[in-house]
Amino acid sequence: MKLEDNTTHHDNPRLIHINDPKKTCDNSQFSGNEIRTSKYTLLNFLPKNLFIQFHRVAYLYFLAIAALNQLPPLAVFGRTVSLFPLLFVLTVTAVKDGYEDWRRHRSDRNENNREALVLQSDEFRPKRWKMIQAGEVLKISSDEAIPCDMVLLGTSDPSGIAYLQTMNLDGESNLKTRYARQETNKLFLEGTMISGIITCEQPNRNIYEFMANMELNGHCLPLSQSNIILRGCQLKNTEWVVGVVVYAGQDTKAMLNSAMSPSKRSRLETYMNRETFWLSVFLLIMCLVVGLGMGLWLNRHKSQLDTLPYYRKVYFQKGKDGKKYKYYGIPMETFFSFLSSIIVFQIMIPISLYITMELVRLGQSYFMIGDRHMYDSVSNSRFQCRSLNINEDLGQIRYILSDKTGTLTENKMEFKKASIWGKSYGDSKAGGSREIDAGVEEAMVSVRKWKLKSEITPDPELIKLSYKDLHGEERIAAYDFFLTLAACNTVIPILTGSPSISGSSLRDGHTSIEYQGESPDEQALVAAASTYGYTLFERTSGHIVIDANGDKLRLDVLGLHEFDSVRKRMSVVIRFPNGSVKVLVKGADTSMFSILKKDLPCDDRMRHVTQVHLNDYSSEGLRTLVVAARGLNGELLEEWQQMYEDACTSLVDRVVKLRQAAALIECNLTLLGATAIEDRLQEGVPEAIESLRQAGIKVWVLTGDKQETAISIGLSCRLLTADMHQIVINGNSEHECRKLLCDAKAKYHVNSASCFDDITNLKRKTELNFLEMASQKKSSNMSPQITGEEDRPTFGPLALIIDGNSLVYILEKDLEYELFNLATLCMVVLCCRVAPLQKAGIVDMIKSRTDDLTLAIGDGANDVSMIQMADVGVGICGQEGRQAVMASDFAMGQFRFLKRLLLVHGHWNYQRLGYLILYNFYRNAVFVLMLFWYILCTAFSTTSALTDWSSVFYSVIYTSVPTVVVGILDKDLSHKTLLKYPKLYEAGHRQESYNMSLFWITMVDTLWQSLVLFYVPLFTYRESTIDIWSMGSLWTIAVVILVNVHLAMDIQRWVFVTHAAIWGSIVVTYGCMMVLDSIPVFPNYGTIYHLVKSPVYWITILLITVIGLLPRFIFKVCHQIFWPSDIQIAREAEILRKRRPFFGSNADQDSS
């Protein structure tokens, strides 16, 4: 697994001279702001496009064939005709690529010619984006796009705040806050010009990090991600901002992140290469036979060569010696015959198959996108096909690896419960609000002037705690608890309905408030704090303002340690109006309990009670956080401030140093309580998971939530069942993890060596026939059991539950293979507390140790690596932005649509593409073998009875359209049947539509049909004087009719378009032949007109069709009667259901 290296180059920092682009760019060759996303120019389009196209080995093969045909001794076809198939394919692809690139050029031109206001001669003047340079100062107005990466110097807001929409950059719809340093913002508001130097890191792809310092008036000011606005963002809710360009053009983070996601190849296409190899072997054998036959024939008739056409030494013309024949001798003639036969048999490897597959996939994608059953009305999003080359893989998925939050759940957080100072709140039933004390209710009416966008139903007991005049530790704990919820976050309050936020406005009238944040959890907690009287309504880079039960509380923010995956907590240091300083902390219980103070017995009691509450909340499927605080003063505060300032101004290891500064104050905390947030399951998730498991698909859930929460959600979505044996792996060392794995394998008799045999036997034993499926009820709680020897004890279904800490030791050590053996024998695998790269590591573990296809589905940025690593990646259009969607192969609005995507569209796509590939191999092979039999009867001369154009048109025009139409529209079963009986999906697991056996059966059938094609006309016309061109016309139309009737025999769903394509192609073939036979210069001039008058012609075509397809018909009938597949039984059941109403009505009439 390759990880992108985003390490910044601190050894060579970039120097930006503010408002001095000449000095900035003279010292270093910085990129201009002109961007280019197009691949080609007018000069390099042809060579570059051809170079890219010829990366397909098949194209090189056909190029070699066309080049051979240009040599005079090997000119089997006309030189122009031989180039036509390859030129057609190359031209179609080049036109498509050229059109796409022209659109990129047009987009680039429009983007580069946009204008922005640039500071020139002490005033802002318009300047085209492509002319902007690093070091220039720009002014951006509201709703305008940001032209380059800029460090904010000033904003229209006195506090220096600016709001940005970053949807074009990271896909997130929530507004982000960025800040100008107070020192520079004050200068701009006063109208003072700024000059200074910014020292920043070299350009890199990390859009979530920026480290720099600004030297201003002798002071060194630290700059971070909150001080930079990136190209592609849009300014919102801010009148204007002013900034200095630090990265321009191709150096911007947006352009550095514009690389495409890794390309994926379908499994069928990989298998197709295997069969293409065998076709190449057949081709080589046929060419060797022709070449050797030519050599033997020439050797046998060498004494007669001077009297035979094409082998005479001199061509006699009117009794005189004419020009000499080009006879090269037996060895060279044999070699030329071998090369000429390669040219004649070239379509044995079908070049048209590549275009046909692309067209079919495009058509399939059109119908998937248009499926109204996969349209999500809530998010107004329809299904998206972002990758067109792996549609058929959807029909062979074995493992689904799913995120939980936002994928299985809605990611719409609602504050449900809280534990404050050892007491749990939120268990009151509806209607309890009437029990609120009159005094408390009066206090609420007088101070609650804020109207939230999404109102929360308050808990009466918690309201009493919030508004009552309590005393002592409980009052302090409640106060600090809600203050932490309101202050310890990065949420942005947006006010509407009130022109001012002065103290008086808190008392007069209602003010609507909406919270925007990067995390739905934070938004829910801040909204909950507001519901209970602590409303955050103003935030700047230096302070926040909270309405605490009607009192305006202005808190100075001395420092903010944001949440990271190492600490798993967040803290903010605030100074109160009275000068006291506190650090407010919230985080996961695993990281918080270790940093709580343990001085008094009451601390242990509080910790124990809170832990009990947390376990109760988690068992209900709620997401939990622990809240704590402590006071800071004296030397500790000064030491932290020094460390924090040094870390913020450091360009080297800033993250590590900030983490060390946080550790200094995040200790000896006083436990205040815990919060519990509900993240409801999405609609239809339990039913979807149950159907997927019945389809033989294993669902693994990889989540960052704690173990108890994940288990609770697993039970509610029917991923886990009560009868499952849970194997829990929670190890804190390699030795402990190894012991837990070995104990589990010993207990459940898992043998590493026989693991794969067990899995294979399990799959075979659990294949039930259709009648059993029809009578089977909901079977999610029923699962196959692995039984080895007869004396081995049997167990119920197994569920493996493992945490991220254990995965650290397992995935990086030699324990990965042991985990794989155990996990693959479990019905369910639940991974908790996993990091993004661990998710990708688990996918890689499955891919590297099995041939089964994996599908990863998620909705957030933390799922991107997993989505890109899996064979198929699906993104959910959720609350966490669109990073997952942008990195995915397919995108949808709800998890439940995955059931229809796989069981219906996946099955159809796999069945269609599998048949399409085999049919294309058959269609071309039967044509080539017919030519082969003819060459064997014409002294191995590689001459052809067919015209050059007939040979070319056979794959391109005569037989191509029916293949595409059937590949897009054919359906072996209805969507209702496929959804009703999920086990039908296992046909893809068994590779019933495309496998090696089917390939060989198809080739044997092809051999028989080619013999019938060649010898039946010889038999029917054995007494006639028919010429060879007439015979060629007969063979041409006969092979077209034969392959189309062959296709018609296999079609399951006939519609008007299918009829038009099948029978229309035969009509088109006749029309083309009539046109070709009407051209006097062609040797086949007029043949079709004579042939159609003879009854023998029509009888011959009928005999070829009947005799050629009779063995196939008999084989299909016997197979369907004696060895029917699940698909065949389900199809017959569908037919019976359609006929049943008719018979039922007759029965009713008879009974009446």
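Residues numbered from 1 in each chain as written. Predicted model: local features only at pLDDT ≥ 70, side-chain atom pairs only at ≥ 80, totals over all residues. Heavy atoms only, no water.

For the protein, an unreviewed UniProt entry supplies the name Phospholipid-transporting ATPase and the organism Salvia divinorum. Per UniProt, the protein carries the Cofactor (unreviewed entry) text "Mg(2+)". UniProt, in the comment section headed Catalytic activity (unreviewed entry), describes the protein in these words: "ATP + H2O + phospholipidSide 1 = ADP + phosphate + phospholipidSide 2." (UniProt positions renumbered as here; feature names shortened; annotations may be inferred.)

S.K.: Where do I start with the packing of helix α16 (residues 601-619) against helix α20 (residues 707-716) in this structure?
M.R.: When two helices pack together, their arrangement is captured by the angle between the axes and the distance separating the axes. Packing of α16 against α20 brings their axes to within 7 Å, and their N-to-C directions diverge by 25 degrees. In terms of axis orientation, α16 runs roughly parallel to α20. Contacts between α16 and α20 pair N615, S618 and S619 from the former with E708, T709 and S712 from the latter. For the contact of α16 with α20, the per-class residue count stands at no nonpolar, 5 polar and 1 charged. (Axes fitted to C-alpha atoms, helices over the stretch in contact; angles between N-to-C directions. Helix = DSSP H or I, 4+ residues; strand = E, 2+ residues; numbered from the N terminus. Parallel < 35°, antiparallel > 145°, perpendicular 65-115°, else oblique. Contact = heavy atoms within 4.5 Å. Nonpolar A, V, L, I, M, F, W, Y, C, P; charged D, E, K, R; others polar.)

S.K.: Sorry, what's going on with the side chain of D251 here?
M.R.: Topologically, D251 is positioned in the loop between β13 (240-247) and α7 (253-256). Among the residues examined, D251 registers a relative accessible area of 18% and is labelled buried. In terms of polar contacts, D251 uses its side chain to reach the side chain of R14, at 3.2 Å. Those residues in contact with D251 that lie beyond four places of it in its chain are R14, S31, P203 and L256. (Buried < 20%, exposed > 50% of the residue type's maximum accessible area, 1.4 Å probe, protein only. Polar contact = N/O pair within 3.5 Å; in protein donor to acceptor, adjacent residues only side chain to side chain.)

S.K.: Any chance you could explain the nonpolar core here in plain terms?
M.R.: In this structure, F345, F921, Y954, Y994 and Y1097 are the most contacted members of the largest nonpolar core, which totals 99 residues. Residues in contact with Y1097, not counting those within four places in the same chain, are Y1021, L1034, I1037, Y1070, I1088, L1091 and V1092. Judged by nonpolar contacts, the second largest core, of 49 residues, contains M413, L465, C488 and V557. (Core = buried A, V, L, I, M, F, W, Y, C linked by side-chain atoms within 4.5 Å.)

S.K.: What am I meant to see in the UniProt feature "binding site: Mg(2+)" (unreviewed entry) in the protein here?
M.R.: Using the residue numbers shown here, the UniProt feature "binding site: Mg(2+)" (unreviewed entry) corresponds to D403, T405, D859 and D863. Spatially, the listed residues are clustered: although they cover 461 residues, their C-alpha atoms lie within 10.7 Å of one another. Within the secondary structure layout, D859 lies in the loop between β34 (853-858) and α27 (864-869). Looking at where D863 falls in the secondary structure, it is placed in the loop between β34 and α27. You can call D863 buried: its relative accessible area is 0%. Contacts of D863, omitting those with residues within four sequence positions, involve D403, K839 and G858. A polar side-chain atom of D863 sits 2.7 Å from a polar atom in the side chain of K839.

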